[in-house]
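Spelled out, the chains give:
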Amino acid sequence: MPSAAPPFLIIGNPGNRRVTLFQEALVRAGLLPAHVVAWETVARAPDVLLELPDTERIVRIDAAGEDAAVERLFLQRGYEDALGTGCDTVTPEALDALPDEHGRVLCPRQQHLGFLRVLEDLSARFALRPHWRLLSAPDAIADLFDKRITSRRYAGLGIPVPPFVDLPSGATPDVLRQALREADFREAYVKLSCGSSASCLAVYRPGRTEGAVGSLLTSLHRGATGWFNSLKVRRVTDARDVDAVLAFLLREGSQVEESRPKARLGGDVFDCRVVAVSGEPAFTVVRQSRLPITNLHLGGYRGDLDAFHAAVPPRELEAAMESCRAVARAHDCLHVGIDLMFEDFFQGHRVLEANAFGDLLPGLTRDGLSVYDWEIREALR
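Criteria and thresholds
The residue count restarts for each chain, going from 1 along the sequence in the order it is written. Local features in this predicted model are restricted to residues whose pLDDT is 70 or higher, and side-chain atom pairs enter the listing and the counts only when it is 80 or higher, whereas totals over whole chains, interfaces and linings include all residues. As a rule here, side-chain values come from all non-hydrogen atoms in the structure, and water together with hydrogens is ignored. Any carboxyl oxygen of Asp or Glu within 4 Å of a side-chain nitrogen of Lys or Arg constitutes a salt bridge here. Per the convention used, a helix needs a DSSP run of H or I reaching at least four residues, while a strand needs a run of E reaching at least two, with both numbered from the N terminus. Each residue is assigned to one of three classes by its accessible area relative to the maximum for its type, calculated with a 1.4 Å probe on protein chains only: buried under 20%, partly exposed between the two thresholds, exposed over 50%. We treat two strands as partners when DSSP finds at least two bridges between them. What makes two residues a contact is simply this: any of their non-hydrogen atoms within 4.5 Å. Here, axes are lines fitted to C-alpha atoms. For helices the fit covers the stretch in contact, and angles between N-to-C directions go from 0 to 180 degrees. For this classification, under 35 degrees means roughly parallel, over 145 means roughly antiparallel, 65 to 115 means roughly perpendicular, and everything else is oblique. Each crossing is labelled by how the near helix is turned from the far one, with a counterclockwise turn of less than a right angle marking it left-handed and a clockwise turn marking it right-handed. Put simply, Ala, Val, Leu, Ile, Met, Phe, Trp, Tyr, Cys and Pro go in the nonpolar bin, Asp, Glu, Lys and Arg in the charged bin, and everything else, Gly too, in the polar bin. Those domain boundaries reflect an automatic or database domain assignment. A simple way to read buried area is as the amount of 1.4 Å-probe accessible surface that goes missing from two parts once joined, with both sides added. Residues adjacent in sequence count toward polar contacts only when both atoms are side-chain atoms; beyond that, a polar contact is any pair of N or O atoms within 3.5 Å, and within protein one must be able to donate a hydrogen and the other to accept it.

## A few points about the pattern of salt bridges
For side chains bearing opposite charge, pairing can occur when the charged atoms are close. Tallied over the entire structure, the rule returns 38 salt bridges. The residue Arg-273 makes a salt bridge to Asp-339 at a minimum N-O spacing of 2.6 Å. With Arg-273 in strand β13 (residues 268-277) and Asp-339 in strand β16 (residues 335-342), this pair connects stretches of sequence that are 66 residues apart. With respect to burial, Arg-273 and Asp-339 carry one shared label: buried. Linking Glu-378 and Arg-381 is a salt bridge whose minimum nitrogen-to-oxygen distance equals 2.9 Å. Classification of Arg-381 by relative accessible area gives exposed; the value is 68%.

## Some points on the sheet that holds strand β6 (residues 164-165)
Ordered in space as β4-β10-β9-β8-β7-β11-β6, the 7 strands form an open sheet in which the pairing is antiparallel. Looking at the sheet topology across the chains shown, the edges are occupied by β4 (104-105) and β6. Of the strand pairs in this sheet, β4 and strand β10 (residues 226-236) are connected by 2 bridges, and their pairing is antiparallel. Residue pairing across strands places Val-105 opposite Trp-227, the latter belonging to β10. Here helix α7 (residues 147-156) sits on the sheet in contact with β6, β7 (188-192) and β11 (254-258), set at roughly 45° to β11.

## Description of the packing of helix α1 (residues 17-28) against helix α12 (residues 371-379)
Two packed helices can be described by the angle between their axes and the distance between those axes. Running from N to C, α1 and α12 cross one another at 60°; their axes reach a closest spacing of 9 Å. Judged by the inter-axis angle, α1 sits oblique to α12. The way α1 lies across α12 gives a crossing that is right-handed. Here Arg-18, Leu-21, Phe-22, Ala-25, Leu-26 and Arg-28 of α1 lie close against α12, whose contacting residues are Tyr-372, Asp-373, Glu-375 and Ile-376. For the contact of α1 with α12, the class distribution of residues is 6 nonpolar, no polar and 4 charged.

## A word on the domain arrangement of the protein
When cut into domains, the protein gives domain 1 (1-134), domain 2 (164-258) and domain 3 (262-380). Distance from the C-alpha centre of domain 1 to the C-alpha centre of domain 3: 26 Å. With 18 residues of domain 1 in contact, the opposing surface of domain 3 contributes 12 residues. When domain 1 packs against domain 3, close to 1300 Å² is buried across both sides, 65% of that on carbon and sulfur atoms. For the pair domain 1 and domain 3, the interface holds 4 salt bridges. The salt bridge involving Asp-359 is made with Arg-60; its shortest N-O contact spans 3.1 Å. At the junction of domain 1 with domain 3, the criterion picks out 6 residue pairs in polar contact (both at pLDDT 80 or more). Secondary-structure elements contributing two or more residues to the side of domain 1 that touches domain 3 are α1 and β3 (57-61). Broken down by element, the side of domain 1 that touches domain 3 gets its largest block of residues, 7 residues, from α1. Residue classes in the side of domain 1 that touches domain 3 are distributed as 12 nonpolar, no polar and 6 charged.

As structure tokens, this is what we get:
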């Protein structure tokens, strides 16, 4: 018989594996399945939330990605805010005529601004439902979707992060190169500040001599109808192509930080995804690769956790976990996915970024509980 615990409400994409896996975890816990309200619905008519009774309820806001209709709605909502920012834009009218193209990266800043608008809508409706308990506050999610905000916040809290540079609005690749020379960065990550899953980033190595453009690694490529993200990291050496990638990332708004050598396991570089739940590091995934970009869908692979624990000096491991606790405390969220690196030869660590929806880790268990099982247990405490 289902537990008498408060029912869950999920804002997500029905049918997405995030929602279905969380529903399965609720059933394992002896709880009623969550009521699901689609992102597409709240983006069109957020007052649908006010049609639900104001009784005790636990609200999980899940990822909005992997749904073309939702992405188009966010683009529509973000159009007016994007005007005048210098980023690429598409009008709502033109958007209706565009075909769906797999992997296309369409006006990411405009889409992000629309997402922020919908988060504001959620905040306003939640304020009218005082008996609902949010597992992640919309404003915390908004912060976690801006790498420039989080990197500077963490640095201000004394959390080790990669050194970064601040660029003026409208910065060009030449301005970027000058900033990197002044900061003495031999290699840098240029990341779309609102990006995720490494879809819009470049590892850029400028040329050693004045005026030399250099080369970069990226999964971005330009097709006949715009920019696309592939599942293959490629090296770009043609000067025009290098600057085209950099110009796109800069005008969409980028976090620029030094690329520091990562520690190695078994000859390959690695970093970690640490999921903190209720402020404590609960799960760790080791991500290894021959390349500095370790994302699992871009050629990286899960490393051995026992080998990781055997390699990392205990004092450095505990210092890194304390940094993860500090990151978790900085956000009003039940769970935060934290990307963490150890510097070469384990001479320190850095928090690379944190993610509002970084808890999708199928198959990972601790004490017999999946990540979602663990989160549900903590949500009910």
